[in-house]
Amino acid sequence: MKKHQQIKKQAYEHCREFVSNRMSRISKQIQEVQESLTSETKSSAGDKHETGRAMVQLEREKLGNQLAECEKMQELLHRVRPDFQNSKGGLGALVETEDRYYYIAISAGAITTEGVPIYCISPATPIGKLLLGKTAGETFLFNGNAFSVLSIS
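Overview of the structure. Nothing here was measured: the structure is a model prediction, and the numbers come from that model. (Residues numbered from 1 in each chain as written. Predicted model: local features only at pLDDT ≥ 70, side-chain atom pairs only at ≥ 80, totals over all residues. Heavy atoms only, no water.)

**Here we look at the pattern of salt bridges**
Counted under the stated rule, the structure contains five salt bridges. Across the pair Glu13 and Arg16 runs a salt bridge, and its minimum N-O distance is 3.4 Å. Of this pair, Glu13 and Arg16 both sit in helix α1 (residues 2–41), separated by three residues, roughly a single helical turn. Residue Arg16 is classed as partly exposed on the basis of its relative accessible area, which comes to 44%. Residue Asp99 pairs with Arg100 through a salt bridge whose shortest N-O separation is 3.3 Å. Judged by relative accessible area, Arg100 falls into the partly exposed class, the value being 22%. (Salt bridge = Lys/Arg side-chain N within 4 Å of Asp/Glu carboxyl O. Helix = DSSP H or I, 4+ residues; strand = E, 2+ residues; numbered from the N terminus. Buried < 20%, exposed > 50% of the residue type's maximum accessible area, 1.4 Å probe, protein only.)

**What to know about the nonpolar core**
Counting 25 residues, the largest nonpolar core has Cys15, Val19, Leu77, Tyr103, Ile106 and Ile118 as its most contacted members. The set of elements that each furnish at least two residues to this core consists of α1, α2 (47–78), β2 (101–104) and β4 (116–121). Counting residues per element, this core draws most heavily on α1, which supplies nine residues. Excluding anything up to four places from it in sequence, Ile118 contacts Ile7, Ala11, Leu94, Tyr101, Tyr103, Gly109, Ala110, Ile111 and Thr113. Grouped together as the second largest cluster of nonpolar side chains are eleven residues, Tyr102, Ile104, Ile121 and Phe147 included. (Core = buried A, V, L, I, M, F, W, Y, C linked by side-chain atoms within 4.5 Å. Contact = heavy atoms within 4.5 Å.)

Below you can see the structure in the form of structure tokens.
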């Protein structure tokens, strides 16, 4: 169980870094777009100018939506208690199968520890939905393959 707690903490930290890096990157892009919009204002008038402003405005809106999504991920991650010992698949659970681990929190890609992949997934993903409520010893089908839940922590 101690090994599982270490893996959970690594996965949790990976998720925190993922969200933090993504928020920083989006915030920097928003700042660059804002500066671009300011310099567009100083540009010459006319149709070309208006088209440029509209495109920059659309980009700023798109980045704002991405930042809002990232903030939702961060809020969800704040609800995860990495030290909690789970007995069922759910938010914050580390689910061990035959060849990999799934950490149910946010979709943040995979990391490898001791040669074993850990997939950081959201409970809203297809496999996340399958793992919700599962307990050790249960099996589930994913992409036509059967997987057994070896443990949950």
